[in-house]
Amino acid sequence: MGDLIAFEDASFRYGTREILANVTFALAPGSFHFLTGPSGSGKTTLLKLCYLALRPSAGRMLVRGRDAAEMASDDIARLRQRIGVVHQDCTFLDHLTVRENIALPLRVMGRRLEQHRGDLDDLIGWVGLRDRAEAYPPELSGGERQRAALARAVIGDPDLIIADEPTGNVDWDMAERLMRLLVELNRLGKSILLATHDLSLIRATKSQASVRVLRLKDARMQLAGADL
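Residues numbered from 1 in each chain as written. Predicted model: local features only at pLDDT ≥ 70, side-chain atom pairs only at ≥ 80, totals over all residues. Heavy atoms only, no water.

Chemist: Where do I start with the sheet that holds strand β9 (residues 212–217) in this structure?
Modeler: The pairing of strands in a sheet happens through backbone hydrogen bonds and is either parallel or antiparallel. Spatial strand order, β6-β7-β8-β3-β9-β10: six strands in an open sheet with mixed pairing. Every interior strand has two partners, whereas the edge strands, β6 (83–86) and β10 (220–223), have only one. Mean inter-strand twist for the sheet, computed between neighbouring axes without regard to direction, equals 20°. In this sheet, strand β7 (residues 160–164) lies alongside β6 in parallel orientation, the contact comprising four bridges. Paired with Val86 across the bridge in β7 is Ala163. (Pairing = 2+ DSSP bridges. Helix = DSSP H or I, 4+ residues; strand = E, 2+ residues; numbered from the N terminus. Axes fitted to C-alpha atoms, helices over the stretch in contact; angles between N-to-C directions.)

Structure below.
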């Protein structure tokens with residue numbers, strides 16, 4: 001099986017500013033990558049490229065071996081359904097319950113919720129929100145919101161989960177709990193790409209899973225050393 005996503009000397013410019021330059025790396029099925037680097041180094045831009053919200057200004061980005069620049073919008077939409085995304089500042093529809101918010105991707109995919117009710121209940125229990133399933137987003141704590149966001153990202157059974165600073169707004173105990181969930185997903189075969197500036201979180205996770213650490217600096221990518 002080939003790489004899920006591969007970059008070949010990919011660059012991205014916003015106006016005259018070069019945000020990413022000559023980035024080359026690949027996300028293999030079942031891999032776990034951390035993406036780190038100082039603020040403004042291009043981490044969020046790279047994640048947006050990975051979940052197909054942006055395309056490179058130069059170089060190539062291959063998605064399952066196909067050049068993203070040559071894909072029709074319908075193809076891009078289908079591929080994005082195979083990617084789950086967790087944002088740091090996760091947003092929900094406040095008039096829907098936690099259960100309804102988590103189930104939204106299934107509706108977007110045109111699936112019948114009745115056929116997935118058992119999976120939905122299991123997932124809500126797995127992230128520890130069984131007693132909050134009928135609550136509304138404004139009633140949730142920061143940690144509960146992040147767990148709901150993770151459940152929403154994986155309900156469609158994606159191949160790749162992308163998370164942008166998912167532990168940035170929670171305490172250390174909740175950060176560890178979220179990482180345990182992500183490690184378990186990786187053990188189930190999901191590829192993980194997680195951006196964070198928290199090196200202690202990376203060190204803690206390296207004791208639980210086989211991970212690689214990518215570092216962005218001055219718009220360029222480097223593989224972080226073992227002494228991180």
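Chemist: Sorry if this is basic, but what is going on with the side chain of Gln146 here?
Modeler: When you line up the elements, Gln146 lands in helix α5 (residues 142–154). Residue classification places Gln146 among the buried positions, given a relative accessible area of 3%. Not counting chain neighbours up to four residues away, the residues in contact with Gln146 comprise Val86, His87, Gln88, Cys90, Glu165, Pro166, Thr167, Val170 and Leu178. (Buried < 20%, exposed > 50% of the residue type's maximum accessible area, 1.4 Å probe, protein only. Contact = heavy atoms within 4.5 Å.)

Chemist: How should I be thinking about the environment of Gly40 in this particular structure?
Modeler: Take Gly40: it is sitting in the loop between β3 (32–36) and α1 (43–50). Between the C-alpha atoms of Gly40 and Val98, which are 58 residues apart in sequence, the distance is 33 Å.

Chemist: Would you mind showing me how to read the environment of Leu96 here?
Modeler: Relative to the helices and strands, Leu96 resides in the loop between β6 and α3 (98–108). Residues within four places of Leu96 in sequence aside, it is in contact with Asn101, Leu104, Tyr136 and Pro137.

Chemist: Can you help me understand the pairing of β10 in this one?
Modeler: As defined by bridge partners, β9 adjoins β10 across four bridges and the pair is classed as antiparallel. Paired with Arg215 across the bridge in β10 is Gln222. Where β9 folds back on β10, the antiparallel hairpin that results is connected by two residues, among which Asp218 adopts a positive phi of roughly 55°.

Chemist: Explain the packing of α3 against helix α4 (residues 117–126) here, please?
Modeler: For any two helices packed against each other, the geometry comes down to the angle between their axes and how far apart the axes lie. Axis separation between α3 and α4 bottoms out at 11 Å; the angle between their running directions is 115°. Along this stretch, α3 crosses α4, giving a crossing that reads as right-handed. In this structure, α3 contributes Arg99, Ile102 and Ala103 to the contact, and α4 contributes Leu120, Asp121, Leu123 and Ile124. Classifying every residue of the contact of α3 with α4 gives five nonpolar, no polar and two charged. (Left-handed = near helix turned anticlockwise from the far one by under 90°. Nonpolar A, V, L, I, M, F, W, Y, C, P; charged D, E, K, R; others polar.)

Chemist: Would you mind going over empty space enclosed by the protein with me for this structure?
Modeler: Empty space among the atoms can be located by rolling a probe the size of a water molecule over them. Under the defined criterion, the tally for this structure stands at one cavity of 30 Å³ or more. Volume-wise, the largest cavity comes out at about 50 Å³. In terms of lining, the largest cavity is formed by Val86, Gln146, Leu150, Ala163, Pro166, Leu178 and Leu182. Among the residues making up the lining of the largest cavity, the classes are represented as six nonpolar, one polar and no charged. (1 Å grid on protein atoms, 1.4 Å probe; cavity = no way out; pocket = protein on both sides within 12 Å on 5 of 7 lines; lining within 4 Å. Points joined across faces, edges and corners; volume = space filled by probe spheres on them.)

Chemist: For this particular structure, what's the right way to read the sheet that holds strand β2 (residues 17–27)?
Modeler: The antiparallel open sheet is built from four strands, whose spatial order is β2-β1-β4-β5. Edge positions in the sheet fall to β2 and β5 (66–67), since each has one partner strand and no second. Sheet contacts for α1: β1 (5–14), β2 and β4 (58–63); angle to β2, the most-contacted strand, approximately 55°.

Chemist: Is there a simple way to think about the packing of aromatic side chains in this case?
Modeler: Here the distance between the centres and the angle between the planes together describe a pair of aromatic rings. As enumerated under the stated definition, the model contains two aromatic pairs in all. For the pair Phe7 and Phe25, a centre-to-centre distance of 5.2 Å together with 20° between the ring planes defines the contact as stacked. Placement of Phe7 in strand β1 and of Phe25 in strand β2 is noted, with a sequence separation of 18 residues between them. Seen in terms of ring centroids, Phe32 and Phe34 are 5.2 Å apart; in terms of plane orientation they differ by 40°. Their pairing is tilted. Looking at Phe32, the relative accessible area reads 1%, which means it is buried. For Phe34, a relative accessible area of 0% gives the class buried. (Phe/Tyr/Trp six-rings, centres within 6.5 Å; stacked < 30°, edge-to-face > 60°.)

This is a description of form; function is not addressed.
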